[in-house]
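So you can see what is in the structure, the chains are spelled out below.
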Amino acid sequence: MLKKNIILNNQMHRQMSDFVTQYNENHIPTTPLQKLLLSIGSATVSLLDPRRADMIATMGETTGTHALKYIRDKMINNPEGNEILQLQPRINTSTVDLGKLKYMPENTLGYAYFKFLDHNKVTPDSRGSVQFIDDIQLAYVMQRYREVHDLFHTVLGMPTNMLGEVTVKWIEAFQTKLPMTLTGGLFGAVRLKPKQREQYVRHYLPWAIQTGLNSNFMLNMYFEKRWEQPIEELQKELNIKPLEIIDLK
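Residues numbered from 1 in each chain as written. Predicted model: local features only at pLDDT ≥ 70, side-chain atom pairs only at ≥ 80, totals over all residues. Heavy atoms only, no water.

Q: Any details on helix H3 (residues 32-48)? Residues and values, ideally.
A: A rise of 1.5 Å per residue sets the reference length of H3, with its 17 residues, at 24 Å; its end C-alpha atoms lie 24 Å apart and thus fit the reference within 8%. What H3 keeps buried is the set Lys35, Ser39, Ser42 and Ser46. Projected down its long axis, H3 shows its buried positions confined to an angular sector of 80°, all on one face. With respect to the buried face of H3, the exposed residues turned more than 90 degrees away are Leu33, Leu37 and Leu48. (Helix = DSSP H or I, 4+ residues; strand = E, 2+ residues; numbered from the N terminus. Expected span 1.5 Å × (residues − 1). Buried < 20%, exposed > 50% of the residue type's maximum accessible area, 1.4 Å probe, protein only. Arc of directions from axis to C-beta.)

In structure tokens form, the structure reads like this:
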């Protein structure tokens, strides 16, 4: 049985995506001291300029080792999550047929994802490659987190404005334990405009905390195999209740 499992694992690795090749092309080995300096520098720049996605990515890689191990263990202990780790699927315009998603029924995850990308003028190709994580499996976990971020937005029903990003970051912080998500939630809220801040305190933050604590682990979702699933059904499976704001004024 063990020999059979090894053969099956080897077959799956041969069939996996181009992640290993991309990782080998982009990986930059660093010493613990270099990682420390990178983490301090990237954190400083990220706080001063939240638009620096490259610095946010670097901070995530150099400060997230323990959290990435936590995520990996959660995925290993879940059949669907473990399959993702084994096959290492990618989410980009080469692997996802957006034209097909566009014509799926409107209640499906696939259509909702397409609509989210189209409405917010974003592309799944915008996620940078992991550079500073030395363990290739942990590097894939970080890459996967980046590539499903827009799917988190889709399932949670959150826009890409500052209010939506901060809200999603809080939920990601509870789910992933990544320091960069907690930092994004804390310091991103400071940059909210007065009206957004009021909505954030009254509605979005309480909902994010409740959702983050009570929802099932979203990184265990093999989203690419769920395009045809009704999004309401997926939300129920994940124990996510979409935010509803009712003002009684």
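Q: I'd love a proper account of the side chain of Gln229, names of residues and values included.
A: Locating Gln229 in the fold gives a position in the loop between helix H12 (194-214) and helix H13 (231-237). Here Gln229 falls in the buried class, since its relative accessible area comes to 11%. Side-chain polar atoms of Gln229 contact the side chain of Arg226, separated by 2.7 Å. Those residues in contact with Gln229 that lie beyond four places of it in its chain are Asn107, Thr108, Leu109, Leu234 and Glu237. (Polar contact = N/O pair within 3.5 Å; in protein donor to acceptor, adjacent residues only side chain to side chain. Contact = heavy atoms within 4.5 Å.)

Q: If you had to explain the side chain of Arg144 to someone new, which residues and values would you point to?
A: Locating Arg144 in the fold gives a position in helix H9 (residues 136-156). A relative accessible area of 1% means that Arg144 is categorised as buried. If near-sequence neighbours (up to four positions away) are discounted, Arg144 is found in contact with Ile84, Pro89, Ile91, Leu219, Met221, Tyr222, Phe223 and Glu224.

Q: Tell me about the nonpolar core, and name the residues and values.
A: With 59 residues, the main nonpolar core has Leu156 and Phe223 as its most contacted residues. Here the element with the most residues in this core is H9; it accounts for 11 residues. Ignoring anything within four residues of it in the chain, the contact list for Phe223 reads Leu109, Arg144, Val148, Leu151, Phe152, Val155, Met218 and Leu234. (Core = buried A, V, L, I, M, F, W, Y, C linked by side-chain atoms within 4.5 Å.)

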